[in-house]
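So the chains spell out like this:
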Amino acid sequence: MTDAASPDSHSTLSYEQSGVVYDLIDPLKVAAQRAAAATGANLAARGFAEIAASRGESAYVVDVGPFHLASIVECLGSKALVADAMHELTGRSWYDAIAQDTIAMAINDLITVGATPLVVQAYWAAGGSDWFGDSQRAQALVAGWKAACDRCGVAWGGGETPALAGIVADGRIDLAASCTGIVNPKSRLSLGDRLGAGDAIVLLASSGIHANGLSLARKLVERLPQGYLTEIAPGLSYGEALLAPTVLYSPVTEALAQAGIVPHYCANITGHGWRKLLRHPAALTYRIDAVPPVPPVLRFIQQHARQDDHEAYGTLNMGAGFALFVAAEQAPACVEIARAQGVEALVAGRVEAGPKRLIIEPLGLEYGSDELQLR
């Protein structure tokens, strides 16, 4: 592996340099959440009520009487651009893989509140009608979407396939999914009210970059002598590694529920990297004393983007795609249940009383309360 292809190859490449600036994005998200909160009262006319604590969480929850409904909408982001580039280079359609990524973006958020996913809807917005004329690509998208739905046991309810010339670039597609789920019994609701000192932190392994950090990953291609075909491990190209599908974690959370384990809190480790462990507003310290192996593609990105650990773990998932905060005595069972579903896991640390901060002891890293402002 070499980084000699670019005169900038010895400088640090940050997420902001790739065009994603959370300091600009997050204030709008917070403003939208505050405006949206005022609309919750509208549910009363229908005889329902929102679960106010779900505001600012990864999924929105409504009390409909005998159970709760949870809902979420998410988009794939720019991973489709990698699939398109790799298709040009290899002749293979990668849309079956990124179909799973799109569904995972929604479902992995939905399950953080304790919901069982029920229905997925598709939103496939192309830059023109011609996009749908490539039958190999279109059928790969359909097949991958159905396979991911079957893996999670959800119904594919329908969707929308607009051709948006002038809005979406010609030859491109914007993929998104919405998901509705049920929290039943209501005791499965997981919004952090039981989160506290003494809880264990169980991390579920990622399969690679998942669907966050692709702007950085694509920017990095400019530094690589063979671009996406640069080999990062024997027989594995950079582009192929980037397109490893995101893990679907709902089989794990459903298996936990069947075993009678209700997490005190959950975090889907996507944008903001490990800083997502600071998502809950409570003043608690999260102390990590064991970290999972870093997938080769993420270590490659860190090395070639010249990022230190603080930048890398604050941006990418670095091997941990989902976090479970559970009673300490239940942590070993969580690991075994996850492994039975084909997902590697480890008891990574614990929650302590103290100021809101994340301490990753093996790496000497610390993130404070000002690192993540999502409310």
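Criteria and thresholds
- Residues numbered from 1 in each chain as written.
- Predicted model: local features only at pLDDT ≥ 70, side-chain atom pairs only at ≥ 80, totals over all residues.
- Heavy atoms only, no water.
- pLDDT = per-residue confidence, 0-100.
- Contact = heavy atoms within 4.5 Å.
- Helix = DSSP H or I, 4+ residues; strand = E, 2+ residues; numbered from the N terminus.
- Buried < 20%, exposed > 50% of the residue type's maximum accessible area, 1.4 Å probe, protein only.
- Axes fitted to C-alpha atoms, helices over the stretch in contact; angles between N-to-C directions.
- Parallel < 35°, antiparallel > 145°, perpendicular 65-115°, else oblique.
- Left-handed = near helix turned anticlockwise from the far one by under 90°.
- Nonpolar A, V, L, I, M, F, W, Y, C, P; charged D, E, K, R; others polar.
- Polar contact = N/O pair within 3.5 Å; in protein donor to acceptor, adjacent residues only side chain to side chain.
- Pairing = 2+ DSSP bridges.
- Salt bridge = Lys/Arg side-chain N within 4 Å of Asp/Glu carboxyl O.

Peer 1: Describe the confidence of the model for the protein chain, and please don't skip the residues or the numbers.
Peer 2: Confidence along the protein chain averages 93 in pLDDT terms, with 93% of residues attaining 70 or more. Below a pLDDT of 50 lies the segment residues 1-7, which in the model reaches 17 contacts outside its immediate sequence neighbourhood of four places, other chains included.

Peer 1: Tell me about the environment of Ser71, and please be specific about residues and values.
Peer 2: By the secondary structure assignment, Ser71 is in strand 3 (residues 68-75). By relative accessible area, Ser71 is classed as partly exposed at 33%. Ser71 sits 111 residues away from Ile182 along the chain, and the two C-alpha atoms are 8.8 Å apart. Once residues lying within four places of it in the same chain are set aside, the contact partners of Ser71 are Ala59, Tyr60, Leu110, Cys179 and Thr180.

Peer 1: Provide a residue-level description of the packing of helix 3 (residues 95-110) against helix 4 (residues 135-152), including the pertinent values.
Peer 2: Running from amino to carboxyl end, helix 3 crosses helix 4 at an angle of 40°, the nearest separation of the two axes being 7 Å. Between helix 3 and helix 4, the angle is such that the two are oblique. Taken as a pair, helix 3 and helix 4 cross one another with a handedness that is right-handed. On the side of helix 3, the interface is formed by Tyr95, Asp96, Ala99, Gln100, Thr102, Ile103 and Ile107, while helix 4 contributes Arg137, Ala140, Leu141, Gly144, Trp145, Ala148, Cys149 and Cys152. For the contact of helix 3 with helix 4, the residue count by class is 10 nonpolar, three polar and two charged.

Peer 1: Give a detailed account of the side chain of Asn108, specifying residues and quantitative values.
Peer 2: Considering the arrangement of structural elements, one finds Asn108 in helix 3. You can call Asn108 buried: its relative accessible area is 2%. In terms of polar contacts, Asn108 uses its side chain to reach the backbone amide nitrogen of Tyr249, at 3.1 Å.

Peer 1: Outline the sheet that holds strand 15 (residues 365-368), supporting the account with residue identities and numerical values.
Peer 2: If you walk across this open sheet you meet the seven strands as 10-12-7-13-11-14-15, and the pairing is mixed. Looking along the sheet, the strands with just one partner apiece sit at the ends: strand 10 (265-268) and strand 15. Neighbour-to-neighbour, the strand axes of this sheet turn through a mean angle of 20°, independent of strand direction. With four bridges joining them, strand 11 (residues 284-288) and strand 14 (residues 357-360) adopt parallel strand pairing.

Peer 1: Lay out helix 7 (residues 250-258) with the relevant residues and their values.
Peer 2: Within helix 7, seven of the nine residues are buried, which leaves the element mostly enclosed by the surrounding structure. Looking at the buried positions of helix 7, the neighbouring elements they touch are helix 3, strand 4 (116-126), helix 4, strand 7 (200-205), strand 12 (320-326) and helix 10 (331-340). In the segment just after helix 7, Gly260 is the residue with positive phi, at about 80°.

Peer 1: An account of the packing of helix 7 against helix 10 is needed here, citing residue identities and associated values.
Peer 2: Two quantities define a packed helix pair, namely the angle between the helix axes and the distance between the axes. Relative orientation of the contacting elements helix 7 and helix 10 amounts to 130°, with a least axis distance of 9 Å. The angle between helix 7 and helix 10 places the two elements in the oblique class. Helix-helix and strand crossings are classified by hand; for helix 7 and helix 10 the assignment is right-handed. Each of Val252, Ala255 and Leu256 in helix 7 lies in contact with helix 10, whose residues at this interface are Cys334, Ile337 and Ala338. Per-class residue counts for the contact of helix 7 with helix 10 are six nonpolar, no polar and no charged.

Peer 1: Break down the environment of Gly364 for me, citing the residues and quoting the values.
Peer 2: With respect to the secondary-structure elements, Gly364 resides in the loop between strand 14 and strand 15. Measuring from C-alpha to C-alpha, the distance between Gly364 and Asp309 comes to 9.0 Å, with 55 residues separating the pair along the chain.

Peer 1: An account of unusual backbone geometry is needed here, citing residue identities and associated values.
Peer 2: Omega for the peptide link from Asn184 to Pro185 comes to 5°, which places this bond in the cis form. Following the sequence through the fold, Pro185 ends up in the loop between strand 6 (173-183) and strand 7. Unusually for a residue other than glycine, His272 sits at a positive phi of about 80°. Residue placement: His272 occurs in the loop between strand 10 and strand 11.

Peer 1: So what about the side chain of His68? Which residues, and what values?
Peer 2: With respect to the element layout, His68 can be found in strand 3. The contact partners of His68, leaving out residues within four places of it in the chain, are Ile51, Val61, Val62, Asp63, Gly181, Ile182, Val183, Lys186 and Leu189.

Peer 1: Can you tell me about the pattern of salt bridges, naming the residues and giving the values?
Peer 2: Applying the stated criterion across every chain, the model contains 16 salt bridges. Among the salt bridges present, the one from Glu352 reaches Arg287, with a minimum N-O distance of 2.9 Å. Taken together, the residues span a long stretch of sequence, with Glu352 in strand 13 (residues 345-353) and Arg287 in strand 11 at a distance of 65 residues. The burial state of Glu352 is the same as that of Arg287; both residues are buried. Residue Glu366 is joined to Arg357 by a salt bridge in which the shortest nitrogen-to-oxygen separation is 3.4 Å. Residue classification places Glu366 among the partly exposed residues on the basis of a relative accessible area of 42%. For Arg357, a relative accessible area of 25% puts it in the partly exposed group.

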